[in-house]
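Fold and contact review
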Amino acid sequence: MSPSIITTGKSDEVFVSSSPIPSKNSAPARTYTLQEIASHNTADDLWIVYDKQVLDVTKWLSHHPGGEQTLLRFGGMDATDELRAFHDNWVLEKKLPHFVVGEVRDNENVSELVRDFRELGEHFEKMGYYRVSPWYYVWKVATVFCIFAMVLLLVFVTQSTVAHMAAAVLLGIFWQQFAFVGHDCGHMSARTHARDSINVPYLGALVTFFNGISVAWWKATHNVHHAVPNSVDCDPDIAHLPVFALHEHMFSSLFNKYHKRVMEFDWLARNVFVPYQHLWYYPIMAVARFNLYLQSVLFLLSRNDGHSGRTMLDSVAFLGFFTWLVALVSYIPGWEERIVFFFLSHAVAGLLNVQITLSHFSRPIFDCNKDEYARYGGDFYSRNVISSLDVACPAYLDWFHGGLQFQTLHHCYPRIGRQHLRKTKPLIVSLCNKHSLPYTAKSFIECNIEVYETLKNTATNAKKWSPLIYESMCAQG
């Protein structure tokens, strides 16, 4: 097969790749059909497939750094592209052979679309796009802490109410920008070398200390979100009942596999929130940070819930955040001014919640009650393209969006360094056009309008919905 070639008109943006999938050390003696493998899909007996190799990850489940849920979602299934997206080649080549119990007997049926996206990922590897210049993040981190220094200066040195309100705005911007850096580190996309030794617990604790959101909680939810985006009963990032419902499917009180409970479409959802969710959207985004605090607390206090990553260090860092925040706010004179400072800073930080939800809220929702990959919206690349919305913006606003504006590229190749996202975007757009995938990019204002309309349409349907209608739809006979 001749190599695929995609060009954007730049000399360093020519993509030529025909390299094979990484070779295996040896062929295991036993072979299994896909039907046989599919039966090994529980926490007590968990197999997944990588590059035609059958892996028994049952004993590894509770030790997986990405949490149990990401493995369980693909129990008995082929997870080749999911594993490649989140792990370096050297990790796969070194670690996976320990779990191999056999090979897939069936002939491999890889679509041209998947082959092209895999080759594009190999091209990114060769071009060094999974690494960044060390000076890139030196500048980013220095800029972020300059913002924090301005906050401290305005609070501790001045007595002006206007200066204190400016400090509140800057504190919200600091949280937003520091979250972007933490997001990059969490995806291992802030490294200068593929084998960089990153002390994840210490780095995570640092992010938790300054940002106030448990990194352990974030990783547990975010990894699942990336693996099965917009899956109606699996993706935690769209499971917001009783406040938001993005699709009529959510009216039926679905059992959420991430939260391991039924997300009730209860009285509050039916009468207070969902029918007016388009009106609630921005006010709730302004205070959504408080929910993240609550989720962090619940996560850190829970045990044996199938999520790993909790450390005492993360808990101490979480308490440390509130220690410095309380000390900062208490230095401001007068309770009225303190309250305004506190809530203004959190409202500004709520911009990040808007940016996060813009990426997916208006995109199609996938029904998980399907066979094989169809339950998650198709193959890894198709589901991530379809469920993502990019923000079209000039380069001088990249700092404001923190890489989230290139959501499609980020979801398909989450390890790409932020500094490479803009120049690699044309490549994925070209592939989407070739395979008629609905790549979508709109201005920030247009994205907001689209999310508003999506919430409004579902709200309208919620006003018409009743349990009797739902039961009659499900009736048989």
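The preceding data block contains the structure.
This write-up is about the structure you can find in this document. Per chain, residues are indexed from 1 in the order of the written sequence. Under the rules for a predicted model, residues below a pLDDT of 70 receive no local features and side-chain atom pairs below 80 are neither given nor counted, while totals for whole chains, interfaces and linings still include all residues. With hydrogens and water set aside, each side-chain value is computed from the structure's full complement of heavy atoms.

**Some details on the environment of threonine 408**
Defined as follows: Secondary structure elements follow DSSP: runs of H or I no shorter than four residues count as helices, runs of E no shorter than two count as strands, and numbering proceeds from the N terminus. Accessibility here uses a 1.4 Å probe with only protein chains present; expressed as a share of the type maximum, an area under 20% marks a residue as buried, one over 50% as exposed, and anything in between as partly exposed. Contacts are assigned to residue pairs with any non-hydrogen atoms lying within 4.5 Å of each other.
Mapped onto the fold, threonine 408 is located in helix H16 (residues 407–412). For threonine 408, a relative accessible area of 0% puts it in the buried group. Each C-alpha atom of the pair threonine 408 and leucine 389 lies 6.7 Å from the other, and the pair is 19 residues apart in sequence. Here threonine 408 is in contact with Val385, Ser388, Asp390, Ile428 and Tyr439, once residues within four sequence places are set aside.

**Some details on unusual backbone geometry**
If a residue is not glycine, its phi is most likely negative; likewise, a peptide bond is most likely trans. Residue proline 242 is reached from leucine 241 by a cis peptide bond, and omega for that bond is 10°. Structurally, proline 242 is set in the loop between helix H9 (215–227) and strand S8 (255–256). Phi is positive for serine 253, close to 50°, though the residue is something other than glycine. Inspection of the secondary structure puts serine 253 in the loop between H9 and S8. With phi around 60°, lysine 260 is a residue other than glycine that occupies positive phi space. By the secondary structure assignment, lysine 260 is in the loop between S8 and strand S9 (261–262). Residue lysine 260 is classed as partly exposed on the basis of its relative accessible area of 44%.

**Observations concerning the pairing of strand S6 (residues 53–56)**
Under the convention used in this document: DSSP calls a pair of strands paired once it identifies at least 2 bridges connecting them.
Pairing between strand S5 (residues 45–50) and S6: 4 bridges, direction antiparallel. Pairing of tryptophan 47 across the sheet is with aspartate 56, part of S6. The hairpin turn running from S5 into S6, its antiparallel successor, is 2 residues long, and aspartate 51 in that turn takes a positive phi close to 50°.

**Here we look at helix H11 (residues 277–301)**
For an α-helix, the turn length of 3.6 residues means that residues three or four places apart are oriented alike. Which entries qualify depends on this criterion: Here, expected helix span is obtained from the residue count minus one, scaled by 1.5 Å.
Along its 25 residues, H11 runs just 30 Å from first to last C-alpha, ending more than 12% under the 36 Å computed at 1.5 Å per residue. Taken together, the buried positions of H11 are occupied by Gln277, His278, Tyr281, Ile284, Met285, Ala288, Arg289, Tyr293, Ser296, Phe299 and Leu300.

**Structural notes on the sheet that holds S5**
As summarised here, the arrangement of the 5 strands in space is S3-S7-S6-S5-S4, forming an open sheet in which the pairing is mixed. Unpaired on one side and paired on the other, strand S3 (31–32) and strand S4 (41–42) mark the two borders of the sheet.

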